[in-house]
Amino acid sequence: MNVYDSEQMALILGQDYELTERAEDADLYLINTCSIRRKSEEKVLSLLGRLKTLKQERPQMLLGVGGCVAQQEGARLLHKVPHLDLVFGTQGVYRLPELLRRRRETNRRLVDTAFSPELPNICGQSLPGALQKFVTIMQGCDNYCTYCVVPYVRGPERSRPVADIVREVEVFLGQGGREVTLLGQNVNSYGRGLAGEITFPALLGRLAELPGLARLRFTTSHPRDLSEELIRGFAELPPLCEHIHLPVQSGANQILARMHRGYRREDYLERVSRLREACPGIALSTDLIVGFPGETESDFQDTLRLMQEAAFDGAFFFKYSPRPQTAAAAFPDQVPESVKTERLARLKEVQEQLSLASNQRLLGEVREVLVEGFSKLENTQLSGRLRSNHVVNFDGPQELIGQMVRVRIKRAYLHSLGALLCED
Ligand code: SAM
Ligand code: SF4
């Protein structure tokens, strides 16, 4: 979502600015921020500290902070950081040209964290030459999970009209794009509040028919709202890739209840079985939080057990971080930092075994890869993803970048696969 928002900023400002690789060349330096955990917030302040010298050397360069930390902190950021020119919240992105003009003309430092219940006017263009694209289909969230700051910094849930989404995808495909990932905090409730009846699976059906769309993905799907119709979509819609990110957060029922997640571990595992029945081989990834208030050792072991039962192919895991305004931040039974650290390490170990096993299961298989570029580690090798989202690296000519090719999987590592290009 932040990648998409940053892309929106670049597109919205495209008439007045172009992107530069080097900060020393910039006339405008924008930092897009995340406040989901405190650590990301701290990183913003430390980056701003490091930029003080650059701003002294280039006083004409405008420095702005946008996104969730900006939304949350507003004018406090201007007080904390005297060399900052502009603070703009999650909806301020769409008012950037006007804000920058005002900053230049009035010479006053500005804050814009205004929030409107209306969906902002998403620009809907794509950066030229991109193969893959994120497309926002909804903004905000009404779920109020007790740990989560999103409803406070991104506002209520609002769905984008189908016609706008279809147009954005069509234009992208017309420019040579191949893969689209639909974005929303809870894509399963897409369509609520829109005129005319449209569900998320129906939207997927519409997009799957567009000529040229090779791969369709989405994130994030809330386990509570995962419908049978959506599960069937994996079997029935050819571009829909065989991978789902389904954040479970915890494997203990008392924790799930206190998080306000609206499902039990049994419900989650039952949905996983249904997904695997409808779409054998579907890859499953998740998000997990350790050290949520009140999490006991036995709760944590329930999480480790659930990981084994669900056999996740991949997982993102986080130490619980108390966030402003959220209910859980005020729960009395906070877990000590040392316990969180120890549980995170144990959880990582279990997931590493599962991720390696997931990669090993693919040994010997022939699979389709969308070649995205060069490998990050060995930049003489090509790199891409399988439909299941596994990363694969292999030798091949540079001209293959952007193409769909077939490879045979030869090696399985922890975070990637090694393969040979098929001759046919
Ligand atoms: N909407 C998605 C959902 O409901 O699954 C997730 C959105 S959130 C931006 C991404 C992940 O951050 C969550 O799934 C959760 O694991 C993690 N997260 C959110 N708030 C957190 C907190 N206060 N402390 C630690 N992790 C958190
Ligand atoms: Fe946060 Fe996701 Fe829960 Fe919404 S559904 S409150 S974004 S964790």
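Being a predicted model, the structure only gives us computed values, none of them experimental. (Residues numbered from 1 in each chain as written. Chains lettered and ligands numbered in written order. Predicted model: local features only at pLDDT ≥ 70, side-chain atom pairs only at ≥ 80, totals over all residues. Heavy atoms only, no water.)

Trainee: Can you tell me about helix 14 (residues 337–360), naming the residues and giving the values?
Mentor: Along an α-helix, residues three or four positions apart point the same way, because every turn accommodates 3.6 residues. The end-to-end C-alpha separation of helix 14 is 34 Å, in line with the 34 Å expected for 24 residues at 1.5 Å each. Those residues of helix 14 that fall on the buried side of the exposure criterion are K340, R343, L347, V350, Q351, L354, S355, S358 and N359. On the buried face of helix 14, the contacting elements are strand 11 (283–290), helix 13 (297–310), strand 12 (314–319), strand 16 (404–412) and strand 17 (417–421). (Helix = DSSP H or I, 4+ residues; strand = E, 2+ residues; numbered from the N terminus. Expected span 1.5 Å × (residues − 1). Buried < 20%, exposed > 50% of the residue type's maximum accessible area, 1.4 Å probe, protein only. Contact = heavy atoms within 4.5 Å.)

Trainee: If you had to explain the pattern of salt bridges to someone new, which residues and values would you point to?
Mentor: For the structure shown, the criterion picks out 38 salt bridges. We note a salt bridge from R323 to E41, for which the minimum N-O separation is 2.2 Å. In this pair, R323 is assigned in the loop between strand 12 and helix 14 and E41 in helix 2 (residues 38–50), connecting sequence segments 282 residues apart. On the basis of relative accessibility, which here comes to 3%, the residue R323 falls in the buried class. Close ionic contact of E295 with R343 constitutes a salt bridge, the shortest N to O distance being 2.9 Å. Of this pair, E295 sits in the loop between strand 11 and helix 13 while R343 sits in helix 14; the two residues are 48 residues apart in sequence, bridging distant segments of the chain. Of the residues examined, E295 reaches a relative accessible area of 6% and is grouped as buried. Salt bridges sharing partners connect three or more residues here, namely E7, K133, R160 and E168. (Salt bridge = Lys/Arg side-chain N within 4 Å of Asp/Glu carboxyl O.)

Trainee: Could you give an account of the site of ligand 1, naming the residues involved and the relevant values?
Mentor: Ligand 1 sits among 15 residues. The nearest are Y147, Q185, Q249, D287 and S321. Within the backbone of Q185, a nitrogen or oxygen atom sits 2.8 Å from a nitrogen atom of ligand 1. R261 places a side-chain nitrogen or oxygen 3.1 Å from an oxygen atom of ligand 1. Bound to the protein, ligand 1 loses 89% of the 570 Å² it would expose on its own. For the shell around ligand 1, the secondary structure elements donating two or more residues are strand 11 and strand 12. Its residues assigned to classes, the shell around ligand 1 comprises 6 nonpolar, 4 polar and 5 charged. (Near = heavy atom within 4 Å. Polar contact = N/O pair within 3.5 Å; in protein donor to acceptor, adjacent residues only side chain to side chain. Areas by Shrake-Rupley, 256 points an atom, 1.4 Å probe, with all protein chains shown as cover. Nonpolar A, V, L, I, M, F, W, Y, C, P; charged D, E, K, R; others polar.)

Trainee: I'd like to hear about the packing of aromatic side chains, residue by residue, with values.
Mentor: Under the criterion given, the structure shown has 8 aromatic pairs. Note on F200 and F218: the rings are 5.1 Å apart at their centroids and 85° apart in plane angle, and the pair reads as edge-to-face. Here F200, found in helix 9 (residues 200–208), pairs with F218, found in strand 9 (residues 215–219); they are 18 residues apart in sequence, far enough to count as distant. Residue classification places F200 among the buried residues on the basis of a relative accessible area of 0%. Between F218 and F234 the ring centres are 5.9 Å apart and the planes differ by 45°, which places this aromatic pair in the tilted class. Of this pair, F218 sits in strand 9 while F234 is found in helix 10 (residues 228–236), placing the two residues 16 residues apart along the sequence. You can call F218 buried: its relative accessible area is 7%. (Phe/Tyr/Trp six-rings, centres within 6.5 Å; stacked < 30°, edge-to-face > 60°.)

Trainee: A description of the environment of Y147 should follow, citing residues and the corresponding values.
Mentor: With respect to the element layout, Y147 can be found in the loop between strand 6 (138–139) and helix 7 (150–154). Put simply, Y147 and E209 are 62 residues apart on the chain and 38 Å apart in space, counted from C-alpha to C-alpha. The contact partners of Y147, leaving out residues within four places of it in the chain, are Q249, M259, R261, I289, F292, Y320, R323, T326 and A328. Polar contacts involving the side chain of Y147 include one to the side chain of R261, which spans 3.2 Å.

Trainee: Got a sec to walk through the sheet that holds strand 11? Specific residues and values, please.
Mentor: Spatial strand order, 10-11-12: 3 strands in an open sheet with parallel pairing. Edge positions in the sheet fall to strand 10 (243–245) and strand 12, since each of these pairs with one other strand and no more. Across the sheet, the axes of successive neighbouring strands diverge by a mean angle of 10°, strand direction being ignored. Across 6 bridges, strand 11 lies against strand 12 in parallel orientation. When the bridges of strand 12 are listed, D287 appears paired with F316. Strand contacts of helix 14: strand 11 and strand 12, with the helix running at about 175° to strand 12, the strand carrying the most contacts. (Pairing = 2+ DSSP bridges. Axes fitted to C-alpha atoms, helices over the stretch in contact; angles between N-to-C directions.)

Trainee: Outline empty space enclosed by the protein, supporting the account with residue identities and numerical values.
Mentor: In the structure shown here, the tally under the stated rule is 2 cavities of 30 Å³ or more. Within this model, the largest cavity holds a volume of roughly 70 Å³. Here the lining of the largest cavity is composed, by residue class, of 1 nonpolar, 4 polar and 3 charged. Estimated volume of the second largest cavity: approximately 40 Å³. Surrounding the second largest cavity, M1, D5, T136, M138, Q139, G140 and R154 form its lining. When the residues that make up the lining of the second largest cavity are grouped by side-chain class, the tally is 2 nonpolar, 3 polar and 2 charged. (1 Å grid on protein atoms, 1.4 Å probe; cavity = no way out; pocket = protein on both sides within 12 Å on 5 of 7 lines; lining within 4 Å. Points joined across faces, edges and corners; volume = space filled by probe spheres on them.)

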